[in-house]
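A closer look at the structure
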Amino acid sequence: DTAVSQTPKYLVTQMGNDKSIKCEQNLGHDTMYWYKQDSKKFLKIMFSYNNKELIINETVPNRFSPKSPDKAHLNLHINSLELGDSAVYFCASSQEMNQPQHFGDGTRLSIL
Amino acid sequence: AQRVTQPEKLLSVFKGAPVELKCNYSYSGSPELFWYVQYSRQRLQLLLRHISRESIKGFTADLNKGETSFHLKKPFAQEEDSAMYYCALNSGNTPLVFGKGTRLSVIA
């Protein structure tokens, strides 16, 4: 069983569109995250969600909005996609905020 | 502020040569450090954490508080070690802080 699964694996779309990436974890973890990995492989945290509280990274444009229907899911919705949004987006989870994180396979987003 | 520095973006070594991936951190408290590995087009995986003091795939890392370092070492590199390696710091009740990563390329 995949511990952290995210869909889709690949997403190709045009500038200006709105898209969502889904993430689910079956580890019973309380905390989930979204990361962006750019073409230089830099890994930047975007959001962390600790069951009760969403922590927003202020450098993330407000076009990005995480949504958590329950603690096993943290979806990422992106409005008005821009060329610079092209990247691999990783979902991760951990038991608590400061524990080792388990990552999903990533979603490769390409903006045309 | 907490910070993790990996000074090398790319490290190339020959197969069988020793490997050392550098990681330095900045944190005033008692740190907990991790190494993550990402093989080509795969997810990040936890490689090792300093509190477990174990050797995984031949890699070891020792926390040196005096030098604020947590370098990753392996005595003999193998081609399958080629990957991106990320050092990460646990600084309390906040998300892990990741370094920018080092790409290790092992040349046959």
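All of the points below concern the structure found in this document. (Residues numbered from 1 in each chain as written. Chains lettered and ligands numbered in written order. Predicted model: local features only at pLDDT ≥ 70, side-chain atom pairs only at ≥ 80, totals over all residues. Heavy atoms only, no water.)

**Digging into the overall build of chain A**
Let me state the cut-off plainly: A run of H or I in DSSP counts as a helix once it spans at least four residues, and a run of E counts as a strand once it spans at least two, with each numbered from the N terminus. The globule rule is 2.2 Å times the number of residues to the power 0.38, and the radius of gyration it is compared with is taken over C-alpha atoms. The rule is simple: take the accessible area with a 1.4 Å probe, protein chains only, and divide by the maximum for that residue type; under 20% is buried, over 50% is exposed, in between is partly exposed. Note on contacts: a residue pair qualifies if any of its non-hydrogen atoms lie within 4.5 Å across the two residues. Computed with the Shrake-Rupley method and a 1.4 Å probe, the accessible areas treat only the protein chains shown as cover for residues. When charges are counted, Lys and Arg contribute as positive and Asp and Glu as negative, whereas His and the chain ends are disregarded. Note that the charge is assigned to NZ on lysines, CZ on arginines, CG on aspartates and CD on glutamates.
Looking only at helices and strands, chain A has zero helices and eleven strands in total. Each helix and strand of chain A, placed in order from N terminus to C terminus, yields the pattern β-β-β-β-β-β-β-β-β-β-β. The globule rule puts the C-alpha radius of gyration for 112 residues at 13 Å, and the 13 Å found for chain A is close to it. Principal-axis analysis of the C-alpha atoms places the extent of chain A at approximately 35 × 30 × 25 Å. Within the span of chain A, comprising 112 residues, buried residues form 43% of the whole. Relative to all contacts within chain A whose residues are 6 or more apart in sequence, the contacts with residues 24 or more apart total 56%. About 5700 Å² of surface is accessible on chain A, with carbon and sulfur atoms providing 47% of the total. The averaged location of the 12 negative side-chain charges in chain A is 6 Å from the averaged location of its 12 positive side-chain charges.

**Details of the state of the cysteines**
We apply this condition: Cysteine sulfur atoms that come within 2.5 Å of each other are treated as a disulfide pair.
Applying the stated rule across the entire model yields two disulfides over all chains. Each sulfur in the disulfide pair Cys 23 of chain A and Cys 91 of chain A lies 1.8 Å from the other. Looking along the S-S bond of the Cys 23 of chain A-Cys 91 of chain A disulfide, the torsion reads about -80°, which is the left-handed sense. A residue pair is termed long-range when its members are at least 10 positions apart, and Cys 23 of chain A in strand S3 (residues 19-25) and Cys 91 of chain A in strand S9 (residues 87-94) qualify at 68 residues. The two residues Cys 23 of chain A and Cys 91 of chain A agree in class, both being buried. Covalent S-S linkage joins Cys 23 of chain B and Cys 87 of chain B, the inter-sulfur distance amounting to 2.0 Å. Since a negative S-S torsion denotes a left-handed disulfide, the Cys 23 of chain B-Cys 87 of chain B link at about -65° is left-handed. Here Cys 23 of chain B, found in the loop between strand S3 (19-21) and strand S4 (24-26), pairs with Cys 87 of chain B, found in strand S9 (residues 83-90); they are 64 residues apart in sequence, far enough to count as distant. For Cys 23 of chain B, a relative accessible area of 0% translates into the label buried.

**Re the side chain of Asn 90 of chain B**
Here Asn 90 of chain B lies in strand S9. Residue classification places Asn 90 of chain B among the buried residues on the basis of a relative accessible area of 7%. Setting aside chain neighbours within four positions, we find Asn 90 of chain B in contact with Asn 98 of chain A together with Tyr 27, Pro 31, Glu 32, Phe 34 and Leu 96 of chain B.

**Re the sheet that holds strand S8 (residues 75-78) of chain A**
Residue and element names in this part refer to chain A. Counted only if it meets this: Here a strand pair is declared whenever DSSP counts at least two bridges between the two strands. Fitted lines through C-alpha atoms give the axes, limited to the stretch in contact for helices. The angle between two N-to-C directions lies from 0 to 180 degrees.
An order of S1-S3-S8-S7 is seen for the four strands of this open sheet, with the pairing classed as antiparallel. The open sheet is flanked by strand S1 (4-7) and strand S7 (64-67), the only strands paired with a single partner. On average, adjacent strands in this sheet sit at an angle of 15° to one another, irrespective of strand direction. Bridge analysis of S1 against S3 gives four bridges, and the strand direction is antiparallel. Residue pairing for S3: Ser 5 is matched across the bridge by Glu 24.

**Re the environment of Pro 75 of chain B**
By secondary structure assignment, the location of Pro 75 of chain B is in the loop between strand S8 (72-74) and S9. Setting aside its immediate chain neighbours within four residues, Pro 75 of chain B contacts Gly 16, Ala 17, Pro 18 and Gly 58 of chain B.

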